[in-house]
Amino acid sequence: MNIIEINNLTFRYNDNFIYDDFSLNVKRGTWVTIAGPNGAGKTTLVKILSGLVKSYCDVKIFGKKLSRGNIYEIRKDVGFVFDNPDSFFACETVEDELAFSLENMAVAPSTIKRKIKEISSLLDLNDILKENPYDLSGGEKQKVALACALMLEPRILILDEALMMIDVAQRNKLLKILKEYNKRKRVTIVSFTHNLDEAIYSDRLVILNHGKIVVDGVFPQVFDEERVMRKIGLEVPFSVELSQKLRIYGIIDKIYLDIERLVDEIWK
């Protein structure tokens, strides 16, 4: 079942077409990474899905056509995490920030307290709950913004370069947590990024260039299109690049997305 449907999208700024007859469907419960270089159209697509800009096309979320009349109803079940969390915060502590949206929805205090404990433990935020979110590092701010989205238990989670300020080790740990959350909760994740390292836990990778799909496939077969990725300026994950070279020499027989599993396979 498709939870997001984009059919024949046409969008332009002034006379510059960003999208022209573009279509894309996302199945419920999957994790789709949409990648591409600067100018590919990623941010525009996020704005269209969030209703921030109007498009002349058929966009359906949860089977409902996105419109001015139902945008707020649809947004209740969609969590957005953007690249700049500073414009998102409204409270003086991280704990209050996590509670903010649920308090506005008149959720019982006991439920809010339970959910703060659950999400804080999941994302390792317990040590900063009393901190002012504006005083945190960029990576910590992005983790708090992600936690705020998860507090609402969204059916769809949309990430717009939402992990780019988090260091590599923490980002990999966080991606594994999100993958488990995706499976356990059946939350549909759509991640927009220019960094293909963030795509290794996805079910599907869609690569855009100038508003067109140039690669669309499942892992790890999608990395057979490595030359296309490099041509438009995207760096292939190190684990994939190394796997491809080792496969040429017959040391391994498939591509590994997880560097730890690749090392284990080499030492067998």
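Residues numbered from 1 in each chain as written. Predicted model: local features only at pLDDT ≥ 70, side-chain atom pairs only at ≥ 80, totals over all residues. Heavy atoms only, no water.

1. As for the environment of glycine 139
Looking at the secondary structure, you find glycine 139 in helix H5 (residues 138-151). Taking the C-alpha atoms as reference, glycine 139 lies 8.9 Å from glutamine 170; in sequence the two are 31 residues apart. Other than its neighbours up to four places away in sequence, glycine 139 contacts Met165 and Ile166. (Helix = DSSP H or I, 4+ residues; strand = E, 2+ residues; numbered from the N terminus. Contact = heavy atoms within 4.5 Å.)

2. Structural notes on the packing of aromatic side chains
A complete count under the given rule lists four aromatic pairs for this structure. Note on tyrosine 19 and phenylalanine 22: the rings are 4.8 Å apart at their centroids and 55° apart in plane angle, and the pair reads as tilted. Here phenylalanine 89 and tyrosine 134 contribute two aromatic rings whose centre-to-centre distance is 5.9 Å and whose plane-to-plane angle is 90°, an arrangement assigned as edge-to-face. Placement of the pair is phenylalanine 89 in the loop between strand E6 (78-81) and helix H3 (94-104) and tyrosine 134 in the loop between helix H4 (109-123) and H5, with a sequence separation of 45 residues. Assessed through its relative accessible area of 6%, phenylalanine 89 is described here as buried. An aromatic cluster is built from Phe88, Phe89 and Tyr134, whose rings are joined through pairwise contacts. One cation-aromatic arrangement involves arginine 155 over phenylalanine 62; the distance from NZ or CZ to the ring centre is 4.0 Å. (Phe/Tyr/Trp six-rings, centres within 6.5 Å; stacked < 30°, edge-to-face > 60°. Buried < 20%, exposed > 50% of the residue type's maximum accessible area, 1.4 Å probe, protein only. Lys NZ or Arg CZ within 6 Å of the ring centre and 35° of its normal.)

3. Quick look at the nonpolar core
Judged by nonpolar contacts, the single largest core of 53 residues is most densely connected at Leu123, Leu146, Leu157, Leu205, Ile207, Phe223 and Met229. Elements with a minimum of two residues in this core: strand E3 (31-35), H3, H4, H5, strand E7 (156-160), helix H6 (168-185) and strand E9 (204-209). At eight residues, H5 tops the list of elements feeding residues into this core. Leave out the neighbours within four places in its chain, and methionine 229 touches Leu196, Leu205, Ile207, Val215, Val222, Phe223, Leu234 and Val236. Core analysis: the next-biggest nonpolar cluster, separate from the first, contains 32 residues, Tyr19, Val32, Leu49 and Val206 among them. (Core = buried A, V, L, I, M, F, W, Y, C linked by side-chain atoms within 4.5 Å.)

4. Section: the side chain of threonine 93
Relative to the helices and strands, threonine 93 resides in the loop between E6 and H3. Judged by relative accessible area, threonine 93 falls into the buried class, the value being 18%. A polar atom in the side chain of threonine 93 sits 3.0 Å from the backbone nitrogen of aspartate 96. (Polar contact = N/O pair within 3.5 Å; in protein donor to acceptor, adjacent residues only side chain to side chain.)

5. Structural notes on the pairing of E7
Successive residues of a regular strand alternate their side chains across the two faces of the sheet. The element E7 is largely enclosed, with a buried count of five among its five residues. On E7, burial covers both faces: Ile156, Ile158 and Asp160 on one face and Leu157 and Leu159 on the other are all buried. As judged from the four bridges shared by E6 and E7, these two strands associate in the parallel manner. Residue pairing for E7: glycine 79 is matched across the bridge by leucine 157. (Pairing = 2+ DSSP bridges.)

6. Some remarks on helix H8 (residues 238-248)
Because each turn of an α-helix spans 3.6 residues, side chains separated by three or four positions in sequence point in the same direction. Listing the buried residues of H8 in full gives Ser239, Val240, Ser243, Gln244 and Leu246. Remark: glycine 250 follows H8 within two positions and exhibits a positive phi of approximately 75°.

7. As for the sheet that holds strand E8 (residues 188-193)
The strand order across the open sheet formed by six strands is E6-E7-E8-E3-E9-E10, and the pairing between neighbours is mixed. Strands with a single pairing partner mark the edges of an open sheet, and in this sheet they are E6 and strand E10 (212-218). Between one strand axis and the next, the sheet turns through 15° on average, direction left out of account. With respect to the sheet, H6 is in contact with E3, E7 and E8, its orientation differing from that of E3 by roughly 135°. (Axes fitted to C-alpha atoms, helices over the stretch in contact; angles between N-to-C directions.)

8. Describing the pattern of salt bridges
Tallying each qualifying case throughout the model produces 11 salt bridges. For aspartate 86, the salt bridge identified is with lysine 141, shortest N-O distance 2.9 Å. Taken together, the positions of aspartate 86 in the loop between E6 and H3 and lysine 141 in helix H5 put the pair 55 residues apart, joining distant regions of the chain. Linking arginine 230 and glutamate 241 is a salt bridge whose minimum nitrogen-to-oxygen distance equals 3.4 Å. One end of the pair, arginine 230, is in helix H7 (residues 226-231); the other, glutamate 241, is in helix H8, and 11 residues separate them in sequence. Among the charged side chains, a salt-bridge network with shared partners connects Arg230, Glu241 and Lys245. (Salt bridge = Lys/Arg side-chain N within 4 Å of Asp/Glu carboxyl O.)

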